[in-house]
Amino acid sequence: MHYENTLAFARALDAKDPLKHFREQFIFPKYSNTDSLTSIENISNDVRYFCGNSLGLQPKTVRQALLHELDQWAEHGVEGHFRGELPWMHYHKFLTAQSARLVGALPHEVVVMNTLTVNLHLMMASFYRPTPTRYKIVMEAGAFPSDQYAMETQVKWHGYDPEKAIVEVAPRTGEDTLRIEDIVEIIENEGDTVALVMFGGVNYYTGQFYDLEK
Ligand SMILES: Cc1ncc(COP(=O)(O)O)c(C=O)c1O
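Rules of the game
- Residues numbered from 1 in each chain as written.
- Predicted model: local features only at pLDDT ≥ 70, side-chain atom pairs only at ≥ 80, totals over all residues.
- Heavy atoms only, no water.
- Domains from an automatic or database assignment.
- Buried < 20%, exposed > 50% of the residue type's maximum accessible area, 1.4 Å probe, protein only.
- Helix = DSSP H or I, 4+ residues; strand = E, 2+ residues; numbered from the N terminus.
- Pairing = 2+ DSSP bridges.
- Near = heavy atom within 4 Å.
- Polar contact = N/O pair within 3.5 Å; in protein donor to acceptor, adjacent residues only side chain to side chain.
- Areas by Shrake-Rupley, 256 points an atom, 1.4 Å probe, with all protein chains shown as cover.
- Axes fitted to C-alpha atoms, helices over the stretch in contact; angles between N-to-C directions.
- Contact = heavy atoms within 4.5 Å.
- Arc of directions from axis to C-beta.

Enquirer: Tell me about the domain arrangement of the protein, and name the residues and values.
Expert: According to the domain assignment, the protein contains domain 1 (7–59), domain 2 (62–109) and domain 3 (116–198). Between domain 1 and domain 3, the C-alpha centre-to-centre distance is 35 Å.

Dropping the structure here:
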């Protein structure tokens, strides 16, 4: 299919999308047609949702799941840690199989816990061990703000200067996404001064997928 900038083409792509049924599983906010965000006539008032933040749309099942846990709490009190269908004490294990499949790891290699930023700090406690000659962090320019703060905090905590230690890779002028060769070039140029390369698999803002293996 050749790309065309038309509604019909977009609909044809949607019709072919093997993941399209997932749309039914989420609640879309409704904006009125007078709202400039949704001014195309004769489509539903559902917002077209391209936001890549970790708080996405609400899944339709969430309300019931939350109410269920409140009921467990009411019924068992603190014993809810050990009783009921999903005892809270073991919560970190309930998503193991799915998470392992998602990230391509073995079940004993993954655990779901904490917030993203806490996990970044924990990972850097292991993987960022700077020395006076090898202390730099290579990361994407415009990473999510809390990621940037976490990097800065780690660098300062080890006694280094974020201005010198954090090397950001930015898109070329007039481009929106990073070229893999530019990332590789910076890693090679910085060479032995690099202590950590910090990239998420997918950029939250542009949706760019990074070939991490490369
Ligand atoms: C893209 C992205 N990165 C990082 C974060 C930070 O996540 P957390 O609040 O779990 O530390 C968020 C959450 O808002 C996010 O949307």
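Once the structure has been displayed, the description carries forward.
Enquirer: Explain the pairing of strand β3 (residues 136–140) to me, and be specific about the residues and the numbers.
Expert: Each regular strand shows side chains that alternate between the opposite faces of the sheet. Most of β3 is tucked away: five of the five residues are buried. Side-chain alternation along β3 places Lys136, Val138 and Glu140 on one buried face and Ile137 and Met139 on a second face that is also buried. Of the pairings in the sheet, the one linking β3 to strand β5 (residues 194–198) comprises four bridges and is parallel in character. Each bridged residue has a counterpart across the sheet, and for lysine 136 the counterpart in β5 is valine 194. The sheet contact formed by β3 and strand β4 (residues 166–169) spans four bridges and is parallel. Within the sheet, the bridge partner assigned to methionine 139 lies in β4 and is glutamate 168.

Enquirer: Any details on the site of the ligand? Residues and values, ideally.
Expert: The local shell around the ligand consists of Asn53, Ser54, Thr115, Leu116, Thr117, Phe144, Ser146, Asp147 and Tyr204. A distance of 3.2 Å is found between an oxygen atom of the ligand and a side-chain nitrogen or oxygen belonging to asparagine 53. In the model, an oxygen atom of the ligand is placed 2.9 Å from a nitrogen or oxygen of the leucine 116 main chain. For the ligand, whose unbound accessible area comes to 390 Å², protein coverage reaches 72%.

Enquirer: Break down the sheet that holds β3 for me, with residues and values.
Expert: The sheet built from three strands is open, its strands ordered β4-β3-β5 with parallel pairing. Each edge of the sheet is formed by a strand with only one pairing partner; in this case those strands are β4 and β5. Going across the sheet, the axis of each strand differs from the next one's by a mean of 20 degrees, ignoring polarity.

Enquirer: Run through the environment of serine 99, naming residues and quoting values.
Expert: Looking at the secondary structure, you find serine 99 in helix α3 (residues 96–103). Residues serine 99 and valine 111, spaced 12 residues apart in sequence, show a C-alpha to C-alpha distance of 7.9 Å. Non-local contacts of serine 99, meaning those with residues more than four positions away in its chain, are made with Val110 and Val112.

Enquirer: Residues and numbers for the environment of glutamate 4, please.
Expert: Mapped onto the secondary structure, glutamate 4 falls in the segment before α1 (7–16). Taking the C-alpha atoms as reference points, glutamate 4 and proline 87, separated by 83 residues in sequence, lie 52 Å from one another.

Enquirer: For the environment of lysine 60, give the residues involved together with the corresponding values.
Expert: Within the secondary structure, lysine 60 is located in the loop between β2 (58–59) and α2 (62–76). Given a relative accessible area of 47%, lysine 60 falls into the partly exposed group. Sequence separation of lysine 60 and glycine 191 is 131 residues, and the distance between their C-alpha atoms is 48 Å. When neighbours within four sequence positions are excluded, lysine 60 is seen to be in contact with Glu24, Gln25, Phe26 and Ile27.

Enquirer: Lay out α3 in plain terms, naming residues and giving numbers.
Expert: Turning to α3, its buried residues number three or more, namely Thr96, Ser99 and Ala100. Looking straight down α3, one finds its buried side chains confined to an arc of 100 degrees; they lie on one side. Among the exposed residues of α3, those pointing more than 90 degrees away from its buried face are Ala97, Arg101 and Leu102. Phi turns positive one or two residues past the end of α3, at glycine 104, with a value near 70 degrees.

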